[in-house]
Protein chains: 2
Amino acid sequence: MHDYKSLFESVRRSSRRLGLLEEDLRKKTLESLIKITLENIPAILSANLLDLQKMDKEDPKYDRLLLTESRIKGIVEEIRQVISLPSPLHKILEKRTLENGLELEKITVPLGVIGIIYEARPNVTFDVFCLALKSGNGLILKGGSDADSSNRAIMEVIHQALEENGIPKEAFQLLPADRSATQALLEAVEYVDIIIPRGSQGLIDFVRKNSKVPVIETGAGIVHTYFDETADLEKGKAIILNAKTRRPSVCNSLDCLIIHQSRLDDLPGLLLPLLEKGVIVFADKQAFAHLPSHPLIELAKEEHFGTEFLSLKMSIKTVSSFEEALDHIEKYSSKHSEAIISENQKNIEQFLNVVDAAAVYANASTAFTDGNQFGLGAEIGISTQKLHARGPMALQELTSYKWVVRGNGQIR
Amino acid sequence: MHDYKSLFESVRRSSRRLGLLEEDLRKKTLESLIKITLENIPAILSANLLDLQKMDKEDPKYDRLLLTESRIKGIVEEIRQVISLPSPLHKILEKRTLENGLELEKITVPLGVIGIIYEARPNVTFDVFCLALKSGNGLILKGGSDADSSNRAIMEVIHQALEENGIPKEAFQLLPADRSATQALLEAVEYVDIIIPRGSQGLIDFVRKNSKVPVIETGAGIVHTYFDETADLEKGKAIILNAKTRRPSVCNSLDCLIIHQSRLDDLPGLLLPLLEKGVIVFADKQAFAHLPSHPLIELAKEEHFGTEFLSLKMSIKTVSSFEEALDHIEKYSSKHSEAIISENQKNIEQFLNVVDAAAVYANASTAFTDGNQFGLGAEIGISTQKLHARGPMALQELTSYKWVVRGNGQIR
């Protein structure tokens, strides 16, 4: 068995002063990374080919695993964006002088060492490295075995960029693609400050259940949009179409349309654009009765509520009141993104107040739940928990803080 | 076996809208609590007597368990302070209008349901209830069996205050003093958002190891103060005496004095006031050789470093350089509070930058690590982890936030 402990210790030790590097050096290092990546496109693509050859082309993971020259150039563009983001470190969050003359500052510092467990998406290797370097954190990556050859080629490029700039590469490590490595990482309480799983619900559940290290859960979005009694039909049509079909595979996409029973006559009109895009609709009894027969419209079963479809599927729930809509959301929401379409200000404000989710919307598409859209810059995921970070997790959420106290002999 | 699940569900359900109560109602409820508590002093004291009768008077827990009329009046004063603190809810942390017209607000909301596991300190029952009500959180308490009768009497008073003000008492519950209740609470992922253990290191370790619910660790402070080459002797004397002897039983008290070897001649003078207070000193070889023989001065063993004494004991480590002091702290610190005494600005700034702890001090006593001292109000503990809350955890740290997005039909 691999000696993970000494590897973890080495990451911990060598990452201790990453928070103190000059921002210019971080930028220079990311610029080196861009240069070296572009020079090594053939090497990365041939490593990627080794992984691809082992996978069935019909596997939905194939496309996520696939790197191409143009995809690598897209990644390079993202690195450029990270370079231009403001540093999240050394920000003074609070500052005050106490009566006794003590000067207090609450300033941002790196979390320490971040562990990422992810599946066959080699672009994540680039992403999280850039965010970790920028936020002064050490990094322990555990990628999927399907992408191991690609990940190793990318880590080589990353290590070259670090070496060129005199930053200890020991602080950024990729574990062997081996289950025992995952287990060791989940137990590395002394060496790792936070673990972020990125991937399927199964992966996230496994990490949450088995980790001794604090975990930030990202992902699972069971997203509702409620079409209220007073909703504007045209706004509703555009919002529902966008929330469902813009990118059905992402966590902020719509899963369940809730409709007030007084608006069931508008339902066919609301659904038409979705049906044209091939969305399969699971309608509850009342809604089903109001819809023409259509090959894509089925009667909903209980399992169609509280489900994250991640595909062109959507359920419909009919409610007889605003309160019933709130209850349905409370029962089935994963507290990611929830929306109301309404022209009733009282209902809007009550919805925004009462609904417990990372992002709550009035008259807008839930597709906006995204770090870049919110103006936070590149995100590492959307947190669906309430501790530390909620909603889009970007650079700032990869920091902690400390209290710095300057005195002149004060005692209590 | 008790049906904890339905109890947890009831707390979750009835606490959902606690965040929406008017601040005035919270204040009125805490005022009712003061009134009812004062009226029920005899009932609380006789319940407390039942607990006390089961405990040996020599047990150090006896004093923590003991309630008296004057202690209850002290608790009432603390409730008054909580009433006067600003509400941590509905604070707008960020606000911006996106180019597309979407209005974004990041506002504070309650965490949801807080679980507290604590030992024989019935005052904690009052404390955490007040903070939970003020921050809009439901509460599940698991107190020590030693204090069960006291805790039940206090909960009765709390429930009366809630009933008088129309707030659902189901949202604030005390579990049976039974191990199976602890186990159930640690697994209540769906119902509890955060667990905070309050008590001994053993309790904290147990909770961290066994909880499926996110835990905030509070407590353990292995605290160092470094007396640098250029340290001012008088400041040093006062700071070290204060940090060690003000309240040796609390987590911010000094455990290890690190001294630069060039200042060993000052060591007897630094220690004199501590020896007069009865502090037992474990000095390393070099320091020991510089000290007169004294019944309270012993040669240190390895076990005396990295130990939280919580009593009138202190170790001494001699270093030959500033860097060696930093290394010693890195090796043994629990990242709670660390201090430097120095007149060298470069060393001071480097110490404050490099040392990784919740609170880092220059020329001041670590006894200031405390929510009230930092101006944060009543605290629920001192977090020694980096996620969510670091250092004193007060009302603000019992909140999360949500993103509120107001639109007019925006799609992405």
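Residues numbered from 1 in each chain as written. Chains lettered and ligands numbered in written order. Predicted model: local features only at pLDDT ≥ 70, side-chain atom pairs only at ≥ 80, totals over all residues. Heavy atoms only, no water.

1. Overview of the sheet that holds strand S13 (residues 359-364) of chain B
Next, step 1: What the 10 strands build is an open sheet, ordered S1(A)-S2(A)-S16(A)-S13(B)-S12(B)-S7(B)-S8(B)-S11(B)-S9(B)-S10(B); its pairing is mixed. In this open sheet, the two strands that pair with only one neighbour each are strand S1 (92-97) of chain A together with strand S10 (297-299) of chain B. Strand after strand, the sheet turns through a mean of 20 degrees between neighbouring axes, direction not considered.
Next, step 2: As judged from the four bridges shared by strand S12 (residues 337-341) of chain B and S13 of chain B, these two strands associate in the parallel manner. Of the residues in S13 of chain B, the one forming a bridge with Glu338 of chain B is Val360 of chain B.
Next, step 3: Relative to the sheet, helix H14 (residues 345-354) of chain B contacts strand S16 (399-410) of chain A together with strand S7 (223-227), S12 and S13 of chain B, its axis offset from that of S16 of chain A by approximately 150 degrees. (Pairing = 2+ DSSP bridges. Helix = DSSP H or I, 4+ residues; strand = E, 2+ residues; numbered from the N terminus. Axes fitted to C-alpha atoms, helices over the stretch in contact; angles between N-to-C directions. Contact = heavy atoms within 4.5 Å.)

2. Focus: the UniProt feature "domain: Aldehyde dehydrogenase" (unreviewed entry) in chain A
Next, step 1: Sequence positions flagged by UniProt for "domain: Aldehyde dehydrogenase" (unreviewed entry) are, in local numbering, residues 72-267 of chain A.
Next, step 2: Across residues 72-267 of chain A one finds 38% helix and 23% strand; the C-alpha atoms that close the span lie 43 Å apart. (UniProt positions renumbered as here; feature names shortened; annotations may be inferred.)

3. Side note on the sheet that holds strand S5 (residues 172-174) of chain B
All names here are of chain B.
Next, step 1: One open sheet holds the four strands; their spatial order is S5-S4-S3-S6, and the pairing between them is parallel. Lying at the two open borders of the sheet, with one neighbouring strand each, are S5 and strand S6 (194-198). The sheet shows a mean angle of 15 degrees between the axes of neighbouring strands, taken without regard to direction.
Next, step 2: For strand S3 (residues 113-118) and S6, the ladder comprises five bridges, and the chain directions are parallel. Opposite Ile117, over in S6, you have Pro197 as the bridge partner.
Next, step 3: The sheet strands contacting helix H6 (residues 123-134) are S3, strand S4 (138-142), S5 and S6, and the helix crosses S4 at an angle near 165 degrees.
Next, step 4: The strands touched by helix H8 (residues 179-186) within the sheet are S3, S4 and S6, with S4 carrying the most contacts at an inclination of about 140 degrees.

4. Let's talk about the relation of the copies chain B and chain A
Next, step 1: Between chain B and chain A, the superposition needs a rotation of 180 degrees and an axial shift of 0.0 Å, giving an RMSD of 0.0 Å. Accordingly, the operation relating the two chain copies is best matched by a two-fold axis. Closest approach to the rotation axis within chain B is made by the C-alpha atom of His388 of chain B, at a distance of 1.8 Å.
Next, step 2: Interface overlap between copies: 100% of the residues of chain B at the interface are likewise at the interface in chain A, consistent with a symmetric, same-surface contact. (Least-squares fit on C-alpha atoms with pLDDT ≥ 70 in both.)

5. Here we look at the side chain of Thr29 of chain B
All names here are of chain B.
Next, step 1: Mapped onto the secondary structure, Thr29 falls in helix H2 (residues 23-39).
Next, step 2: We classify Thr29 as buried; its relative accessible area is 0%.
Next, step 3: What Thr29 contacts, discounting residues up to four positions off in sequence, is Leu133, Ala161, Leu162, Asn165 and Ile167. (Buried < 20%, exposed > 50% of the residue type's maximum accessible area, 1.4 Å probe, protein only.)

6. Regarding the packing of helix H13 (residues 322-332) of chain A against helix H14 (residues 345-354) of chain A
Residues and elements named next belong to chain A.
Next, step 1: Where H13 meets H14, the closest approach of the two axes is 11 Å, and the angle between their N-to-C directions is 20 degrees. When the axis of H13 is compared with that of H14, the two are roughly parallel. Crossing handedness for the pair H13 and H14: right-handed. Residue-level inspection shows Phe322, Glu323, Leu326, Ile329 and Glu330 of H13 in contact with H14, the latter providing Asn347, Gln350, Phe351 and Val354. (Parallel < 35°, antiparallel > 145°, perpendicular 65-115°, else oblique. Left-handed = near helix turned anticlockwise from the far one by under 90°.)

7. Overview of helix H6 (residues 122-134) of chain A
Residue and element names in this part refer to chain A.
Next, step 1: When the terminal C-alpha atoms of H6 are compared, their 19 Å separation across 13 residues agrees well with the 18 Å that a helix rising 1.5 Å per residue should span.
Next, step 2: Of the residues making up H6, those classed as buried are Pro122, Val124, Thr125, Phe126, Asp127, Val128, Phe129, Cys130, Leu131, Ala132, Leu133 and Lys134.
Next, step 3: Backbone geometry just downstream of H6 places Gly136 in the positive-phi region, at approximately 75 degrees. (Expected span 1.5 Å × (residues − 1).)

8. Brief notes about the side chain of His304 of chain A
Residues and elements named next belong to chain A.
Next, step 1: Along the chain, His304 falls in the loop between strand S10 (297-299) and strand S11 (313-319).
Next, step 2: Using a relative accessible area of 10% as the deciding quantity, one classes His304 as buried.
Next, step 3: With residues up to four places along the chain from it excluded, the contact list for His304 reads Phe282, Phe309 and Ser315.

9. Some remarks on the domain arrangement of chain A
Residues and elements named next belong to chain A.
Next, step 1: As assigned here, chain A comprises domain 1 (4-218 + 388-406) and domain 2 (223-372).
Next, step 2: Computed over C-alpha atoms, the centres of domain 1 and domain 2 are 35 Å apart.
Next, step 3: Listed as interface residues are four residues of domain 1 and, on the opposing side, eight residues of domain 2.
Next, step 4: For the pair domain 1 and domain 2, the summed buried surface comes to about 400 Å²; carbon and sulfur atoms form 52% of the total.
Next, step 5: Linking domain 1 with domain 2 are one salt bridge, by the criterion used here.
Next, step 6: With its nearest N and O atoms 2.8 Å apart, the salt bridge here joins Asp356 to Arg390. (Domains from an automatic or database assignment. Buried area = accessible area lost by both parts, 1.4 Å probe. Salt bridge = Lys/Arg side-chain N within 4 Å of Asp/Glu carboxyl O.)

10. Let's talk about the state of the cysteines
Residues and elements named next belong to chain B.
Next, step 1: Taken as a whole and assessed by the stated rule, the structure comprises zero disulfides over all chains.
Next, step 2: No disulfide involves Cys251; its nearest neighbouring cysteine sulfur is the one of Cys256, lying 17 Å away.
Next, step 3: The exposure class of Cys251 is buried, given its relative accessible area of 17%. (Disulfide = S-S within 2.5 Å.)

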